[in-house]
Amino acid sequence: MADRSLRGMRLGAQSLQSEEGVTFSPRVSHTYLCAACGRETVMIFSADAEAPDEWECKHCSQVATRLVDSVPVVVDHSDEKVARSHWDMLLERRTRAELEELLEERLTYLRTRRGQQKIGA
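Since the model is a prediction, treat every value here as computed from it, not as a measurement. (Residues numbered from 1 in each chain as written. Predicted model: local features only at pLDDT ≥ 70, side-chain atom pairs only at ≥ 80, totals over all residues. Heavy atoms only, no water.)

### Side note on the pairing of strand β4 (residues 63-68)
- Relative to β4, strand β1 (residues 27-34) is paired through three bridges, and the arrangement is antiparallel. Residue pairing in the sheet places Tyr 32 in a bridge with Arg 66 of β4.
- Across three bridges, the pairing between strand β3 (residues 54-56) and β4 is antiparallel. Bridging from a neighbouring strand, Glu 56 pairs with Val 63 of β4.
- Between β3 and the antiparallel strand that follows it, β4, lie six residues; Ser 61 among them carries a positive phi value of about 65 degrees.
- What sits between β4 and strand β5 (residues 71-72) in their antiparallel hairpin is a turn of two residues, with Asp 69 showing a positive phi close to 55 degrees. (Pairing = 2+ DSSP bridges. Helix = DSSP H or I, 4+ residues; strand = E, 2+ residues; numbered from the N terminus.)

### Describing the pairing of β1
- Sheet topology note: the β1/strand β2 (residues 40-46) ladder contains seven bridges and is antiparallel. Its bridge partner being in β2, Tyr 32 is matched across the sheet by Thr 41.
- In this structure, the hairpin formed by β1 and β2 is closed by a connection of five residues, where Gly 38 is found at a positive phi of approximately 80 degrees.

### Topic: the packing of helix α1 (residues 86-93) against helix α2 (residues 96-116)
- Closest axis-to-axis distance for the α1/α2 pair is 8 Å, and the angle between their directions is 105 degrees. Compared by their axis directions, α1 and α2 come out roughly perpendicular. In this structure, α1 uses Trp 87, Leu 90, Leu 91 and Arg 93 to contact α2, whose residues at the interface are Arg 96, Glu 98 and Leu 99.
- Looking at the contact of α1 with α2 residue by residue, the class counts come to four nonpolar, no polar and three charged. (Axes fitted to C-alpha atoms, helices over the stretch in contact; angles between N-to-C directions. Parallel < 35°, antiparallel > 145°, perpendicular 65-115°, else oblique. Contact = heavy atoms within 4.5 Å. Nonpolar A, V, L, I, M, F, W, Y, C, P; charged D, E, K, R; others polar.)

### Observations regarding a negative patch on the surface
- Taken together, the side chains of Glu 54, Asp 76, Asp 79 and Glu 80 make up a negatively charged region of the molecular surface.
- Tracing the sequence through the fold places Asp 76 in the loop between β5 and α1. (Patch = residues over 30% accessible without salt bridge, like charges linked within 9 Å, V, L, I, M, F, W, Y side chains within 5 Å. Areas by Shrake-Rupley, 256 points an atom, 1.4 Å probe, with all protein chains shown as cover. Salt bridge = Lys/Arg side-chain N within 4 Å of Asp/Glu carboxyl O. Lys, Arg positive; Asp, Glu negative; His and termini not counted. Charge placed at Lys NZ, Arg CZ, Asp CG, Glu CD.)

### Focus on the side chain of Thr 65
- Secondary-structure assignment places Thr 65 in strand β4.
- Apart from the residues within four sequence positions on either side, Thr 65 is in contact with Thr 31, Tyr 32, Leu 33, Asp 53, Pro 72, Val 73 and Val 75.

### Examining the nonpolar core
- Counting residues in hydrophobic clusters, the biggest one holds seven residues: Tyr 32, Cys 34, Met 43, Phe 45, Ala 51, Cys 57 and Ala 64.
- When residues of this core are traced back to their parent elements, those giving at least two are β1 and β2.
- Setting aside anything within four residues of it in sequence, one finds Phe 45 in contact with Pro 26, Arg 27, Val 28, His 30, Tyr 32, Ala 51, Pro 52 and Trp 55. (Core = buried A, V, L, I, M, F, W, Y, C linked by side-chain atoms within 4.5 Å. Buried < 20%, exposed > 50% of the residue type's maximum accessible area, 1.4 Å probe, protein only.)

### Describing the packing of aromatic side chains
- Here the structure, examined in full by the defined rule, presents two aromatic pairs.
- Ring centres of Tyr 32 and Trp 55 lie 6.1 Å apart, and the angle between their planes is 35 degrees; this geometry places the pair in the tilted category. Of this pair, Tyr 32 sits in strand β1 while Trp 55 sits in strand β3; the two residues are 23 residues apart in sequence, bridging distant segments of the chain.
- Ring plane angle 85 degrees and centroid distance 5.4 Å describe the contact between Phe 45 and Trp 55, whose orientation is recorded as edge-to-face. On the criterion of sequence distance, the pair formed by Phe 45 in strand β2 and Trp 55 in strand β3 is long-range, its members being ten residues apart.
- Accessibility expressed as a relative area gives 31% for Trp 55, which makes it partly exposed. (Phe/Tyr/Trp six-rings, centres within 6.5 Å; stacked < 30°, edge-to-face > 60°.)

In structure tokens:
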């Protein structure tokens, strides 16, 4: 039985594939400058892909800006939506006076209900 054992490789030891005959797609490298730490990060993208204007800095995790001809790209954030809170959405549907009235009605209901409950039940 020992002479018929299967031989194999360790998992993750090495790959049986080679890069022979593989053609890589064209690539372009873009440089990003971090304003916080002043370091540059070079990222490689496909030539067909549109490179983002901002990237996370590898060193300090702040926002780094793409350099074009050694000058940072100006990023326009004017079209970005501002996150609305629950309170903002509520104020779009009701006025403050209506909310005060609803609060007072609810508090009155809870106070009367609390008074009707038996203690020690």
